[in-house]
Amino acid sequence: MKPLQGLSVALALFGAAAEPLIQIPTHIQEMELSTPKPVTVAQMQEFKQDFVDVDFNKDDQMDAQEVRAHFKGGISDIELFQFFLDSDSDRSGDVSLQEYVDYAAMLG
Ligand SMILES: [Ca+2]
Ligand SMILES: [Ca+2]
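Residues numbered from 1 in each chain as written. Chains lettered and ligands numbered in written order. Predicted model: local features only at pLDDT ≥ 70, side-chain atom pairs only at ≥ 80, totals over all residues. Heavy atoms only, no water.

The name an unreviewed UniProt entry assigns to the protein chain is Calcium-dependent protein kinase 16, from the organism Durusdinium trenchii.

Quick look at the structure:
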């Protein structure tokens, strides 16, 4: 029965790795952000978590490729375009944490 035990341990490890919760970096955690309407501390925490989950290359900007990769094909070009129209308020082509928070707060 030894091989079976080994396999279930491997599966358990793989299962745990399949749902990574990316650690929120300190500078993001400590960032003071304004919101267009009031949000709770828990909501703000969720926005920051979403942001760091999407920002794969850790440059503190969400780009279109990262957003597309995050949704694994579950987002159409039009939805992606609309998301950037709504959130990228300075039209830089990237969504900063402040821009994302503004956008997410209005959805909530
Ligand atoms: Ca990025
Ligand atoms: Ca921007």
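## Some remarks on the coordination of the calcium ion (ligand 2)
Applied cut-off: Any N, O or S atom lying within 2.8 Å of the metal counts as a donor, and for Na, K and Ca the limit rises to 3.2 Å; water is left out, so some sites can look incomplete. Labels for metal geometry use angle windows, namely 85 to 135 degrees for all angles of a four-donor tetrahedral site, and for square planar (four donors) or octahedral (six donors) sites opposite donors over 155 degrees apart plus all others within 65 to 115; sites meeting none of these are irregular. In DSSP terms, a helix is any run of H or I states spanning at least four residues, a strand is any run of E spanning at least two, and both are numbered starting from the N terminus. Only protein chains enter the accessibility calculation, which uses a 1.4 Å probe; a residue is then buried when its area is under 20% of its type maximum, exposed when over 50%, and partly exposed in between.
Surrounding the calcium ion (ligand 2) are the protein donor atoms Asp88 (OD), Asp90 (OD), Ser92 (OG), Asp94 (O), Glu99 (OE) and Glu99 (OE), at 2.3 to 2.5 Å. One can describe the donor arrangement at the calcium ion (ligand 2) as irregular, given that its 6 donor atoms subtend angles of 54 to 155 degrees at the metal. On the primary sequence, the residues serving as donors to the calcium ion (ligand 2) are separated as D-x1-D-x1-S-x1-D-x4-E. One end of the pair, aspartate 88, is in the loop between helix H5 (77-87) and strand S2 (95-96); the other, glutamate 99, is in helix H6 (residues 97-107), and 11 residues separate them in sequence. Both residues of the pair, aspartate 88 and glutamate 99, belong to the buried class.

## Some words on the coordination of the calcium ion (ligand 1)
Listed as protein donors to the calcium ion (ligand 1) are Asp55 (OD), Asn57 (OD1), Asp59 (OD), Gln61 (O), Glu66 (OE) and Glu66 (OE); their distances from the metal cover 2.2 to 2.5 Å. The coordination sphere of the calcium ion (ligand 1) comprises 6 donor atoms, whose angles at the metal cover 53 to 157 degrees; the geometry is irregular. In the primary structure, the donors to the calcium ion (ligand 1) are separated according to the pattern D-x1-N-x1-D-x1-Q-x4-E. Of this pair, aspartate 55 sits in the loop between helix H3 (41-54) and strand S1 (61-62) while glutamate 66 is found in helix H4 (residues 64-70), placing the two residues 11 residues apart along the sequence.

## Describing empty space enclosed by the protein
Unfilled space is identified by rolling a water-sized probe across the atoms. As a reminder of what qualifies: Using a 1 Å grid laid over the protein atoms alone, points where a 1.4 Å probe fits but cannot get out form a cavity; open sets with protein on both sides within 12 Å along at least 5 of 7 lines form a pocket; any residue with an atom within 4 Å of a point counts as lining. Grid points are joined across faces, edges and corners, and a volume is the space filled by probe spheres set on the points. Any residue outside Ala, Val, Leu, Ile, Met, Phe, Trp, Tyr, Cys, Pro, Asp, Glu, Lys and Arg is labelled polar, Gly included; the first ten of those are nonpolar and the last four are charged.
Counting across every chain of the model gives 1 cavity of 30 Å³ or more. As a volume, the largest cavity reaches approximately 40 Å³. Taken together, Ile22, Gln23, Pro25, Ile28, Val52, Asp55, Lys58 and Asp60 make up the full set of residues lining the largest cavity. For the lining of the largest cavity, the class distribution of residues is 4 nonpolar, 1 polar and 3 charged.

## Notes on the layout of surface pockets
If you add up the space inside the largest pocket, you get close to 250 Å³. Broken down by secondary-structure element, the contributors of at least two residues to the lining of the largest pocket are H3, H4, H5 and H6. Counting residues per element, the lining of the largest pocket draws most heavily on H5, at 3 residues. Of the residues in the lining of the largest pocket, the class split is 8 nonpolar, 2 polar and 2 charged.

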